[in-house]
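Fold and geometry: a report
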Amino acid sequence: MSTICETFFKGVKVKRLDDEGNSVNVYNKPVVVQLEYDPKGMLVKITEESEQKEFIVCKGSEFARVGRKGIIFKLSTETLLLTFASDEDSNQFTDAVMKIKADKSASVFSERTEESSASQYFQFYGYLSQQQNMMQDFIRTSTYQKAILDNPIDFSGKVILDVGAGSGILSFFAQQSGAKRVYAVEASSIAVHAAKLVAANNVDDVIKVLSGKIEEIQLPEQVDVIISEPMGYMLLNERMLETFLHAKKFLKPGGKMFPSRGDLHVAPFTDEALYMEQFNKVNFWYQEYFHGVNLSSLRNPAMTEYFRQPIVDTFDINICTAKTQRHIIDFQTAHETDLHRIEIPLEFHMLQSGTVHGLAFWFDVAFIGSNVTVWLSTAPTQPLTHWYQVRCLLSQPIFAKQGQLLTGRVLMVANAKQSYDLTIEVKIEGTNTVSSNTLDLKNPYFSGATEPTQPIDCTNYDFQGTGADGYENFQYQ
């Protein structure tokens, strides 16, 4: 367990060494060297106006002690000699570096995730702009606040774990609901900013920001409730749900998961314009004299690539040609390995005749509290969220008549890119009509979708009872 703290070393002399070992001063005076948490290890920063520097210290970093106060770092572009003002500073800095170098533990996360994917993932969520984008999704943020504040029995006086805390907004909601203590665990560099928010709001006696991955940290005590926002596109993208379930090792018997369950909805849809939009992209590769080059040999691979992209956007529910089917994941009872391979059998009774171009997906999650159950829905019938909906095209559309039975399956196999390889198959029962496709959920196409960057006026929304599927809906007034 690593609490968030920035460490500053004053009066540090910095020199650059050439290949022969000759040195030159980088700065004309001693500078301040700052250490911050980084998902890969530790970030070393020098923020002098004349030349700003920062580099990551990780397990593979090359460094050596020089005398009592000096440390040499061999970086990818240069070699730096840092000479500290005192033996104490030099030893403290060296101890921090050695702690990173000595960590040889392999976690569940590192074993299932490519290093390049993890690096990109944590860099993305380390930006304040990305946190703002999620926080400004009014439906997302206000639903979480409602679920937590409307269930004070589950939070008042309780110990809470916030998994993937980001800015810490859910931890603040738990504190507002009377939590005794909140452990806000965050693996990206945004943890530093979260700690500043906690201190600035004078709640650091309740909220403890911890840097690191859930799979690798330790907590000083078991918790009563685990809160998180682990949903990606199509519910499962990013594989954060596995981390959420892994965190149950810290949950007391009978403790609660918030959210408590997730429902993935699937329905066949018809959309000729969308299909042709993807199909027509390939026209570029039909050119036989593109600046003197014949591109046509690549048109088939291009077609395959474009149709492997799930399409993230929103649509009118009326394009769905059958009632939705749902796959339920109970977060209270599911194990993280249950999400490694998910197969969903399909059976749709066609409500109208038409061409089936693919399958549409969206999800709902439920917060089942002791007082009330609150649902967060990303359905196309509900106000738009930053998750939108997802559509997966078939390689060949099929025509189905009203009353016919459409069967098939959705197969989702987790991969090391923090996503899923997705296979969809459909068949019209009683015929030889079959179509399928294999898609890469890691590489979606955003069809005119834009992130909701402006907060929605909450005065126009209200919770209005229970919807047709048994969940509490947001209704626009």
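Refer to the structure printed above.
Cut-offs and rules
- Residue numbers restart at each chain and count upward from 1, following the sequence in its written direction.
- Where local features are concerned, this predicted model is filtered to residues with pLDDT of at least 70; where side-chain atom pairs are given and counted, the filter is 80 or more; whole-chain, interface and lining totals use all residues.
- Values shown for side chains rest on all heavy atoms present in the structure; no hydrogens or waters enter the calculation.
- Only runs of H or I of at least four residues qualify as helices and only runs of E of at least two qualify as strands under DSSP, and these elements are numbered from the N terminus.
- The buried label applies to any residue whose accessible area, calculated with a 1.4 Å probe on protein chains only, is under 20% of its type's maximum; exposed applies above 50%, and partly exposed to all values in between.
- Note on contacts: a residue pair is in contact if any heavy atoms of the two residues lie within 4.5 Å.
- To measure how exposed things are, a 1.4 Å probe is used in the Shrake-Rupley method; for residues, cover is taken only from the protein chains shown.
- Charged-residue counts in this description rest on Lys and Arg as positive and Asp and Glu as negative, His and the chain ends being excluded.
- Charge coordinates come from a single atom per side chain, which is NZ of Lys, CZ of Arg, CG of Asp or CD of Glu.
- Here, the term nonpolar core denotes a set of buried Ala, Val, Leu, Ile, Met, Phe, Trp, Tyr and Cys residues that are joined through side-chain atoms within 4.5 Å.
- Side-chain rings of Phe, Tyr and Trp (the six-membered ring for Trp) are treated as a pair once their centres are within 6.5 Å; stacked means planes under 30 degrees apart, edge-to-face means over 60, and tilted covers the remaining angles.
- Criterion for a salt bridge: a side-chain nitrogen of Lys or Arg within 4 Å of a carboxyl oxygen of Asp or Glu.
- Pairing of N or O atoms within 3.5 Å defines a polar contact, subject to two protein rules: one partner must be a possible hydrogen donor and the other a possible acceptor, and residues neighboring in sequence count only if both atoms are side-chain atoms.
- For two strands to count as paired, DSSP must find a minimum of two bridges between them.

Below, the discussion takes up the overall build of the chain. Helix and strand counts for the chain come out as 11 helices and 27 strands. Dimensions of the chain, computed from C-alpha atoms along their principal axes, come out at roughly 85 × 70 × 40 Å. Buried positions account for 51% of the 477 residues belonging to the chain. Taking as baseline every contact in the chain between residues at least 6 positions apart, the subset at least 24 positions apart corresponds to 70%. As displayed, the chain has an accessible area near 21900 Å², and 49% of this comes from carbon and sulfur atoms. Separation between the mean location of the 43 positive side-chain charges and that of the 57 negative ones in the chain comes to 5 Å.

Moving on, we get to the nonpolar core. If you look at soluble globular proteins, the nonpolar side chains tend to sit buried side by side. Counting 98 residues, the largest nonpolar core has Leu-161, Leu-236, Phe-361, Val-410 and Met-412 as the members making the most contacts within it. Looking at which element gives the most residues to this core, the answer is strand β19 (residues 354–368), with 6 residues. Setting aside its immediate chain neighbours within four residues, Val-410 contacts Val-266, Ile-342, Glu-343, Ile-344, Leu-346, Leu-359, Phe-361, Leu-422, Thr-423 and Ile-424. Membership of the second largest hydrophobic core comes to 21 residues, among which are Phe-9, Val-31, Leu-35 and Leu-80.

With that out of the way, let us pick up the packing of aromatic side chains. Enumeration over the complete set of coordinates arrives at 21 aromatic pairs. Both rings, one in Phe-9 and one in Phe-93, keep their centres 5.7 Å apart while their planes meet at 75°; by these two values the pair is edge-to-face. In this pair, Phe-9 sits in strand β2 (residues 7–17) while Phe-93 sits in helix α1 (residues 87–102), placing the two residues 84 residues apart along the sequence. Each member of the pair, Phe-9 together with Phe-93, is buried. Consider the rings of Phe-55 and Phe-73, whose centres lie 5.1 Å apart with planes at 55°: the pair is tilted. Taken together, the residues span a long stretch of sequence, with Phe-55 in strand β6 (residues 53–57) and Phe-73 in strand β8 (residues 70–74) at a distance of 18 residues.

Time to look at the side chain of Lys-248. With respect to the helices and strands, the residue Lys-248 is situated in the loop between α9 (240–246) and β14 (251–258). Comment: no salt bridge for buried Lys-248; closest opposite-charge side chain is Asp-330, at 6.9 Å. Engagement of the side chain of Lys-248 in a polar contact is seen with the backbone oxygen of Phe-331, the distance being 2.9 Å. In terms of polar contacts, Lys-248 uses its side chain to reach the backbone carbonyl oxygen of Gln-332, at 3.1 Å. What Lys-248 contacts, discounting residues up to four positions off in sequence, is Ile-226, Met-257, Phe-331, Gln-332, Thr-333 and Ala-334.

With 8 of 9 residues buried, strand β15 (residues 261–269) is to be regarded as a mostly interior element. Where β15 and strand β17 (residues 325–330) come together, 6 bridges link them in antiparallel fashion. When the sheet's bridge partners are listed, Val-266 is paired in β17 with Gln-325. Relative to β19, β15 is paired through 9 bridges, and the arrangement is antiparallel.

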